[in-house]
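# Observations on chain architecture
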Amino acid sequence: MIGAYVELARAHAPLLMVSVAFGAAALAMLSPPRLSWFIACAGALVSAVFAFDLAWRLLAGGGAFAFLLEGVALETDGVSVFGAALVSLTGVLALLAAGAQLGDFERRTASVATALGLAVQTAWIGALAARDLIGVFVAAETAWLAAAALLALSAERGALNGALRMLSAGGVGAALFLVGAALIHRSAGTLDLPAIAEAHIEAADAAALGAGLIVLSLALKAGVAPLHDWLGAGFSRANGAAAMIVGAAAVVGALTVLVRVAAYFVQAPAIGEGVSIALAVLGGASVVIGSLQAVGATNVRRLAAYAGAAQAGGVLLCVALGSPAGVAAALVQLTALAATALALFGGAAAGGVRTLEGLDGLGRRAPLAGAAMMAGAISLMGAPLTLGFLGRWRLVEAGVGAGWWWAAGAVIFASLAGVFYGGRLIERLYFRRAGEIYLGGAGAWRFAAAPLLLAAIVMTALGVAPGLLLDAADAAAAQILGAAA
Amino acid sequence: MAADVLILRIAFGLSLALLIGGAAAAWVSDNALKRIAGGVVAALGALSALAALGAPAALSIAGAAVLFAHVAFGAALAVRLQESYGAVEAPELDRADSADETAEPTP
């Protein structure tokens, strides 16, 4: 009997991984703060179990799962299940760690903040599971507004300024997405993502413009430079938990959705080349601008955000290649980005650190947070045996295979810049005396951050034994490109 | 060119002008309220463009719903900004925020 229910649940996994978590978010909003945190974590965990089960079945078995409901269309492909597993894992860890910083929110808003944190990650998973551009739009805007609201609930007023920037940028992004989707519908006669890749497109220029507008809109939400005006203001003054959830789960979610949508666009013969050029230009610019800004950053969270923009540029360069090797490299880079974001945002939150000066001696005061941040910094440098190295190596392989030598140059530039700012982090963590009083948590709740910090270290070290990750990324890329072909 | 096609093209052009004007205001305006309003104007331009392009009704409805959510959240945010800073001018907000922070390079 129980087995039959489990099978039924597995058959509706795409729907359940979204609806269970949204239900938990609603329940969490109505509960007292600490109970709301438990409910949100449980909802996120259930969603993650469905996402991992789905990823295992699709990527190991090569099956196709389509679930069509009246008015709402969900369909999973290789990238969506890989991305859903990654975003749900990132979200669960961030939400768990948020338990240590729940006291930073006002008591009357803590439950709402917890619910919003869960809603952010769930909405991005919904965007990943959406079959058409309408579903992607609704889910992406839900995630964006929830993220802006989460930042706005931070205790410091500076976070309101960040939320304002997010809102104004998001309004423009939503408008671009809508026009882009309308142009594609007019040219291709459909908004279904798999169908766009195969459609006979009548007005190629209009469709390419539409695809470009959608890519721009999603890139803005993913914090890709130079569209990342909201990043610095958004993260620097937000509560540690809010910055951690938005900086890790939301940014990774947005970037994964961008990879998925772009993977369909680059397969469409009429628009693929134009989209590929747009992605390459945007990716190259993001690598350079993000790296330069990270070098000059004096705030740990801003440094993490700008380094993330540089990594996001690498992801776009991978997708721009339009090959299975490129998409697989993008997924490996996404995993590296998630690990780095968890390490840096999580470590900074656990250590109660904002400025670079605050990092001085953190390795001794908070060993686990220091170790996680060091792992993130080493990965940012692209040191061998780390996930950061693996992601960049796969990009170089795919880029050189396609004759894109300049992409390899961009990766080398990102690594050189990473050596500078990553090295600066390590130097402050372990080779300086503390100049500030330790502001990390003191109660038992501080251990809630431990799973995140340990996972960040383990994920970064996946470069040592990357077999499973590489196989999953290759299967996901082959599935989405095969489905579109 | 048929008259209805010409009208649709003019409508699309005007919608794009509305979108670009709104986006510019949202991006560069000094006033928080104007930034929020700029985003709303841009979204209205996009909704008009959807109508001119004959987009599916579901997309227009989704766009209108998102626009409503932006307006509601923007209004709440504007009130919170005024309460917290005593101002809604973006330069004043930035000055207040960066008073104790070192400047960083911008792109």
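Our structure is the block above this text.
These lines cover the structure that appears in this document, whether it is placed above or below.

## Structural notes on the overall build of chain A
Per the secondary structure count, chain A includes 20 helices and two strands. In summary, chain A has a C-alpha radius of gyration of 21 Å against a globular reference of 23 Å for 485 residues, a match within 12%. Reported as C-alpha extents along the three principal axes, the dimensions of chain A are approximately 65 × 55 × 40 Å. Scored against the burial criterion, the 485 residues of chain A give a buried share of 66%. Of all intrachain contacts in chain A linking residues separated by at least 6 positions in sequence, the fraction that spans at least 24 positions is 81%. For chain A, the accessible surface area stands at approximately 15300 Å², while carbon and sulfur atoms represent 69% of it. Distance between charge centroids for chain A: 15 Å, based on 24 positive and 23 negative side chains.

## Concerning the overall build of chain B
Helices and strands together make up the secondary structure of chain B, namely four helices and zero strands. Helices (α) and strands (β) of chain B occur, in sequence order from the N terminus, as α-α-α-α. A compact globule built from 107 residues should have a C-alpha radius of gyration of about 13 Å, whereas chain B, at 18 Å, is more than 25% larger. The principal-axis extent of the C-alpha atoms belonging to chain B is close to 60 × 30 × 20 Å. The long-range share in chain B, meaning contacts at least 24 apart out of those at least 6 apart in sequence, stands at 50%.

## Observations regarding the pattern of salt bridges
Residues and elements named next belong to chain A. All told, the structure shown has 14 salt bridges over all chains when counted by the stated rule. With its nearest N and O atoms 2.9 Å apart, the salt bridge here joins Arg10 to Asp53. Pair noted here: Arg10 is in helix H1 (residues 2-11) and Asp53 is in helix H3 (residues 33-61), with a separation of 43 residues, a long-range link. Residue Arg10 is classed as partly exposed on the basis of its relative accessible area of 24%. For Lys221, the salt bridge identified is with Glu141, shortest N-O distance 2.9 Å. Taken together, the positions of Lys221 in helix H9 (residues 204-221) and Glu141 in helix H6 (residues 133-152) put the pair 80 residues apart, joining distant regions of the chain. Assigned by exposure class, Lys221 and Glu141 land together as buried. Salt bridges sharing common partners tie together Glu7, Arg10, Asp53 and Arg57.

## Concerning the packing of helix H5 (residues 107-129) of chain A against H6 of chain A
Residues and elements named next belong to chain A. The geometry of H5 relative to H6 is characterised by a closest axis approach of 8 Å and an angle of 155° between their N-to-C directions. Of the possible angle classes, the one that applies to H5 and H6 is roughly antiparallel. Crossing hand, H5 versus H6: left-handed. Contacts between H5 and H6 involve Ala113, Leu116, Gly117, Ala119, Val120, Ala123, Trp124, Gly126 and Ala127 from the former and Val136, Ala139, Ala140, Thr142, Ala143, Ala146, Ala147, Ala149 and Leu150 from the latter. The class makeup of the residues in the contact of H5 with H6 is 15 nonpolar, three polar and no charged.

## Some thoughts on a nonpolar patch on the surface
All names here are of chain A. Where nonpolar side chains cluster on the molecular surface, the patch consists of Met1, Tyr5 and Leu8 and spans about 400 Å² of accessible area. With respect to the helices, strands and loops of the structure, Met1 is situated in the segment before H1. Assessed through its relative accessible area of 74%, Met1 is described here as exposed.

## Focus: the interface of chain A and chain B
With 45 residues of chain A at the contact, the number on the chain B side is 47 residues. Of the roughly 3800 Å² buried at the junction of chain A and chain B (both faces included), carbon and sulfur atoms supply 70%. Linking chain A with chain B are zero salt bridges. Counting across the chain A and chain B interface gives five residue pairs in polar contact (both at pLDDT 80 or more). Going through the elements one at a time, H6, helix H7 (158-188), helix H12 (272-296) and helix H13 (300-320) of chain A are the ones with two or more residues in the side of chain A that touches chain B. Broken down by element, the residue count for the side of chain A that touches chain B peaks at 22 residues, all from H7 of chain A. Residues that form the side of chain A that touches chain B fall into these classes: 27 nonpolar, twelve polar and six charged.

## Some details on the packing of aromatic side chains
Residues and elements named next belong to chain A. Tallied over the entire structure, the rule returns seven aromatic pairs over all chains. Summarising the aromatic geometry, the rings of Trp230 and Phe235 are spaced 5.9 Å apart at their centres and angled 70° between planes, so their arrangement reads as edge-to-face. Judged by its relative accessible area of 1%, Phe235 falls in the buried class. By the ring-pair criterion, three or more aromatic residues cluster together here, those being Trp144, Trp230, Phe235 and Phe345.

## Comments concerning the nonpolar core
Residues and elements named next belong to chain A. Ranked by size, the top nonpolar core spans 233 residues in total, and within it Leu255 and Phe265 carry the most contacts. Broken down by element, the residue count for this core peaks at 20 residues, all from helix H11 (residues 240-265). Once residues lying within four places of it in the same chain are set aside, the contact partners of Phe265 are Ile184, Ile196, Ala211, Ile214, Val215, Ile271, Gly272 and Val275.

## Structural notes on the environment of Val458 of chain A
Tracing the backbone through its elements, the reader meets Val458 of chain A in helix H19 (residues 450-460). C-alpha of Val458 of chain A to C-alpha of Gly284 of chain A: the two residues are 174 residues apart in sequence and 29 Å apart in space.

## Focus: H13 of chain A
Residues and elements named next belong to chain A. For H13, built from 21 residues, the straight-helix expectation of 30 Å at 1.5 Å per residue is met to within 8% by its first-to-last C-alpha distance of 30 Å. Within H13, 21 of the 21 residues are buried, which leaves it mostly tucked inside the rest of the structure. The distance from a side-chain oxygen at the start of H13 to the backbone nitrogen of Arg301 is 2.9 Å, and the residue carrying that oxygen is Asn299.

## Overview of unusual backbone geometry
Residue and element names in this part refer to chain A. Here the residue pair Ala225 and Pro226 is connected by a cis peptide bond, since its omega of 5° sits within 30 degrees of zero. Along the polypeptide, Pro226 turns up in the loop between H9 and helix H10 (229-236). Positioned with a positive phi, Leu385 is a non-glycine residue whose angle comes to about 75°.

## Observations concerning the packing of H7 of chain A against helix H4 (residues 90-98) of chain B
One way to put it is that H7 of chain A packs onto H4 of chain B with a least axis distance of 9 Å and a crossing angle of 135°. When the interaxial angle is binned, H7 of chain A and H4 of chain B end up oblique. The element H7 of chain A and its partner H4 of chain B pack so that their crossing is left-handed. Here H7 of chain A contributes Gly158, Asn161, Leu164 and Arg165 of chain A to the contact with H4 of chain B, which in turn contributes Leu93, Asp94 and Asp97 of chain B.

What counts and how
Residues numbered from 1 in each chain as written. Chains lettered and ligands numbered in written order. Predicted model: local features only at pLDDT ≥ 70, side-chain atom pairs only at ≥ 80, totals over all residues. Heavy atoms only, no water. Helix = DSSP H or I, 4+ residues; strand = E, 2+ residues; numbered from the N terminus. Rg over C-alpha atoms; globule rule 2.2 N^0.38 Å. Buried < 20%, exposed > 50% of the residue type's maximum accessible area, 1.4 Å probe, protein only. Contact = heavy atoms within 4.5 Å. Areas by Shrake-Rupley, 256 points an atom, 1.4 Å probe, with all protein chains shown as cover. Lys, Arg positive; Asp, Glu negative; His and termini not counted. Charge placed at Lys NZ, Arg CZ, Asp CG, Glu CD. Salt bridge = Lys/Arg side-chain N within 4 Å of Asp/Glu carboxyl O. Axes fitted to C-alpha atoms, helices over the stretch in contact; angles between N-to-C directions. Parallel < 35°, antiparallel > 145°, perpendicular 65-115°, else oblique. Left-handed = near helix turned anticlockwise from the far one by under 90°. Nonpolar A, V, L, I, M, F, W, Y, C, P; charged D, E, K, R; others polar. Patch = residues over 30% accessible without salt bridge, like charges linked within 9 Å, V, L, I, M, F, W, Y side chains within 5 Å. Buried area = accessible area lost by both parts, 1.4 Å probe. Polar contact = N/O pair within 3.5 Å; in protein donor to acceptor, adjacent residues only side chain to side chain. Phe/Tyr/Trp six-rings, centres within 6.5 Å; stacked < 30°, edge-to-face > 60°. Core = buried A, V, L, I, M, F, W, Y, C linked by side-chain atoms within 4.5 Å. Expected span 1.5 Å × (residues − 1).

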